[in-house]
Amino acid sequence: MHTMGNSKLKIFRELNNYTQQYVADILGINQNTYSRLEHNPTKLTAEQAEKLSELYDIGIADLLSNDSAIIFSNTNSTIDKNGYFAGSYEAQKESFEREIQTIKEVLGREIKSLKEEIEYLRLQNSQLIELLKK
(Lines give C-alpha, C1' and ligand atoms only; values in the text may rest on other atoms or scores of the structure.)
Protein backbone atom coordinates (compact mmCIF):
# COMPACT_ATOMS: atom_id res chain seq x y z
CA MET A 1 0.00 0.00 0.00
CA HIS A 2 1.49 3.29 -1.10
CA THR A 3 0.71 6.22 1.18
CA MET A 4 0.96 9.96 0.86
CA GLY A 5 0.89 11.90 4.11
CA ASN A 6 -1.24 9.99 6.57
CA SER A 7 -1.83 6.31 5.95
CA LYS A 8 -5.37 5.06 5.57
CA LEU A 9 -4.96 3.16 8.83
CA LYS A 10 -4.25 6.39 10.70
CA ILE A 11 -7.05 8.25 8.92
CA PHE A 12 -9.64 5.57 9.72
CA ARG A 13 -8.42 5.33 13.31
CA GLU A 14 -8.60 9.08 13.87
CA LEU A 15 -12.00 9.38 12.19
CA ASN A 16 -13.33 6.90 14.71
CA ASN A 17 -11.55 8.59 17.63
CA TYR A 18 -9.66 5.40 18.44
CA THR A 19 -6.27 5.39 20.08
CA GLN A 20 -3.42 3.33 18.70
CA GLN A 21 -3.63 1.25 21.88
CA TYR A 22 -7.32 0.48 21.29
CA VAL A 23 -6.71 -0.71 17.73
CA ALA A 24 -3.61 -2.62 18.81
CA ASP A 25 -5.66 -4.44 21.46
CA ILE A 26 -8.21 -5.47 18.82
CA LEU A 27 -5.40 -6.80 16.64
CA GLY A 28 -3.75 -8.55 19.59
CA ILE A 29 -0.48 -6.65 19.21
CA ASN A 30 1.26 -3.96 21.22
CA GLN A 31 0.89 -0.25 20.51
CA ASN A 32 4.42 0.16 19.13
CA THR A 33 3.85 -2.62 16.60
CA TYR A 34 0.57 -1.01 15.52
CA SER A 35 2.30 2.36 15.16
CA ARG A 36 4.78 0.74 12.78
CA LEU A 37 1.87 -0.77 10.81
CA GLU A 38 0.35 2.69 10.40
CA HIS A 39 3.63 3.85 8.89
CA ASN A 40 4.12 0.71 6.79
CA PRO A 41 0.74 -0.96 6.18
CA THR A 42 2.25 -3.47 3.74
CA LYS A 43 3.25 -5.47 6.83
CA LEU A 44 -0.41 -6.22 7.73
CA THR A 45 -1.29 -9.88 7.95
CA ALA A 46 -4.46 -11.15 6.30
CA GLU A 47 -6.02 -11.67 9.74
CA GLN A 48 -5.16 -8.10 10.80
CA ALA A 49 -6.56 -6.68 7.57
CA GLU A 50 -9.79 -8.61 8.12
CA LYS A 51 -10.12 -7.35 11.70
CA LEU A 52 -9.50 -3.76 10.60
CA SER A 53 -12.00 -3.99 7.76
CA GLU A 54 -14.60 -5.20 10.27
CA LEU A 55 -13.66 -2.50 12.77
CA TYR A 56 -14.00 0.29 10.22
CA ASP A 57 -16.84 -1.36 8.28
CA ILE A 58 -15.02 -1.18 4.96
CA GLY A 59 -13.89 -3.78 2.46
CA ILE A 60 -10.42 -5.24 2.73
CA ALA A 61 -9.73 -4.10 -0.85
CA ASP A 62 -10.62 -0.52 0.12
CA LEU A 63 -8.40 -0.75 3.18
CA LEU A 64 -5.41 -2.06 1.24
CA SER A 65 -5.80 -0.24 -2.07
CA ASN A 66 -3.47 2.50 -3.24
CA ASP A 67 -6.46 4.73 -3.92
CA SER A 68 -7.04 7.84 -1.89
CA ALA A 69 -9.21 7.43 1.15
CA ILE A 70 -12.66 8.83 0.52
CA ILE A 71 -14.96 8.41 3.45
CA PHE A 72 -18.56 9.50 3.65
CA SER A 73 -20.12 10.06 7.02
CA ASN A 74 -23.53 11.23 8.08
CA THR A 75 -22.34 14.82 7.66
CA ASN A 76 -21.13 14.27 4.08
CA SER A 77 -17.54 14.69 5.23
CA THR A 78 -14.58 13.25 3.36
CA ILE A 79 -10.89 12.67 3.68
CA ASP A 80 -9.07 13.96 0.62
CA LYS A 81 -6.14 12.25 -1.10
CA ASN A 82 -3.66 13.95 1.25
CA GLY A 83 -5.45 12.78 4.37
CA TYR A 84 -7.09 16.09 5.25
CA PHE A 85 -10.60 16.26 6.69
CA ALA A 86 -12.92 18.17 4.39
CA GLY A 87 -16.39 18.49 5.86
CA SER A 88 -19.17 19.83 3.71
CA TYR A 89 -19.78 23.56 3.73
CA GLU A 90 -23.31 23.11 5.05
CA ALA A 91 -22.20 20.88 7.94
CA GLN A 92 -19.44 23.34 8.90
CA LYS A 93 -21.85 26.28 8.61
CA GLU A 94 -24.40 24.57 10.87
CA SER A 95 -21.72 23.77 13.42
CA PHE A 96 -20.46 27.36 13.47
CA GLU A 97 -24.00 28.69 13.74
CA ARG A 98 -24.64 26.46 16.79
CA GLU A 99 -21.39 27.66 18.38
CA ILE A 100 -22.28 31.29 17.68
CA GLN A 101 -25.74 30.80 19.20
CA THR A 102 -24.22 29.27 22.33
CA ILE A 103 -21.77 32.16 22.63
CA LYS A 104 -24.60 34.67 22.20
CA GLU A 105 -26.60 32.98 24.96
CA VAL A 106 -23.65 32.97 27.35
CA LEU A 107 -22.82 36.61 26.57
CA GLY A 108 -26.50 37.55 26.94
CA ARG A 109 -26.61 36.07 30.45
CA GLU A 110 -23.34 37.80 31.35
CA ILE A 111 -24.59 41.16 30.05
CA LYS A 112 -27.84 40.78 32.00
CA SER A 113 -25.90 39.98 35.17
CA LEU A 114 -23.62 42.99 34.67
CA LYS A 115 -26.60 45.30 34.06
CA GLU A 116 -28.18 44.07 37.29
CA GLU A 117 -24.93 44.71 39.15
CA ILE A 118 -24.67 48.23 37.69
CA GLU A 119 -28.25 48.97 38.75
CA TYR A 120 -27.50 47.72 42.28
CA LEU A 121 -24.37 49.87 42.47
CA ARG A 122 -26.31 52.93 41.24
CA LEU A 123 -28.89 52.35 43.96
CA GLN A 124 -26.16 52.07 46.60
CA ASN A 125 -24.51 55.19 45.24
CA SER A 126 -27.79 57.11 45.47
CA GLN A 127 -28.31 55.94 49.05
CA LEU A 128 -24.79 57.01 50.01
CA ILE A 129 -25.29 60.44 48.46
CA GLU A 130 -28.55 60.87 50.41
CA LEU A 131 -26.79 59.89 53.63
CA LEU A 132 -24.00 62.41 52.98
CA LYS A 133 -26.53 65.19 52.40
CA LYS A 134 -27.99 64.70 55.87
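Residues numbered from 1 in each chain as written. Predicted model: local features only at pLDDT ≥ 70, side-chain atom pairs only at ≥ 80, totals over all residues. Heavy atoms only, no water.

> Summarise the nonpolar core; cite the residues concerned and give the values.
Counting 14 residues, the largest nonpolar core has Leu9, Val23, Leu27, Tyr34, Leu37, Leu52 and Tyr56 as its most contacted members. The dominant element in this core, judged by the number of residues it contributes, is helix H4 (residues 46-56), at four residues. Val23 has contacts with Arg13, Tyr18, Tyr34, Leu52, Leu55 and Tyr56, leaving out every residue within four places of it along the chain. (Core = buried A, V, L, I, M, F, W, Y, C linked by side-chain atoms within 4.5 Å. Buried < 20%, exposed > 50% of the residue type's maximum accessible area, 1.4 Å probe, protein only. Helix = DSSP H or I, 4+ residues; strand = E, 2+ residues; numbered from the N terminus. Contact = heavy atoms within 4.5 Å.)

> Tell me about unusual backbone geometry, and name the residues and values.
The backbone phi angle of Asn17 is positive, close to 55°, even though this residue is not glycine. Along the chain, Asn17 falls in the loop between helix H1 (8-15) and helix H2 (20-27).

> So what's going on with the confidence of the model for the protein? Residues and values would help.
In the predicted model, the protein carries a mean pLDDT of 80, and the fraction of residues at 70 or more is 76%. Across residues 1-5 the pLDDT falls below 50, and counting only partners more than four positions away or on other chains, this stretch makes 11 contacts in the model. Low confidence marks residues 70-77, where pLDDT is under 50. Its contacts with residues over four positions away, or in another chain, come to 17 contacts. (pLDDT = per-residue confidence, 0-100.)

> Describe a nonpolar patch on the surface, and please don't skip the residues or the numbers.
Together, Ile103, Leu107 and Ile111 make up a nonpolar patch on the protein surface, roughly 290 Å² of accessible area in all. For Ile111, the location among the structural elements is in helix H6 (residues 89-133). (Patch = residues over 30% accessible without salt bridge, like charges linked within 9 Å, V, L, I, M, F, W, Y side chains within 5 Å. Areas by Shrake-Rupley, 256 points an atom, 1.4 Å probe, with all protein chains shown as cover. Salt bridge = Lys/Arg side-chain N within 4 Å of Asp/Glu carboxyl O.)

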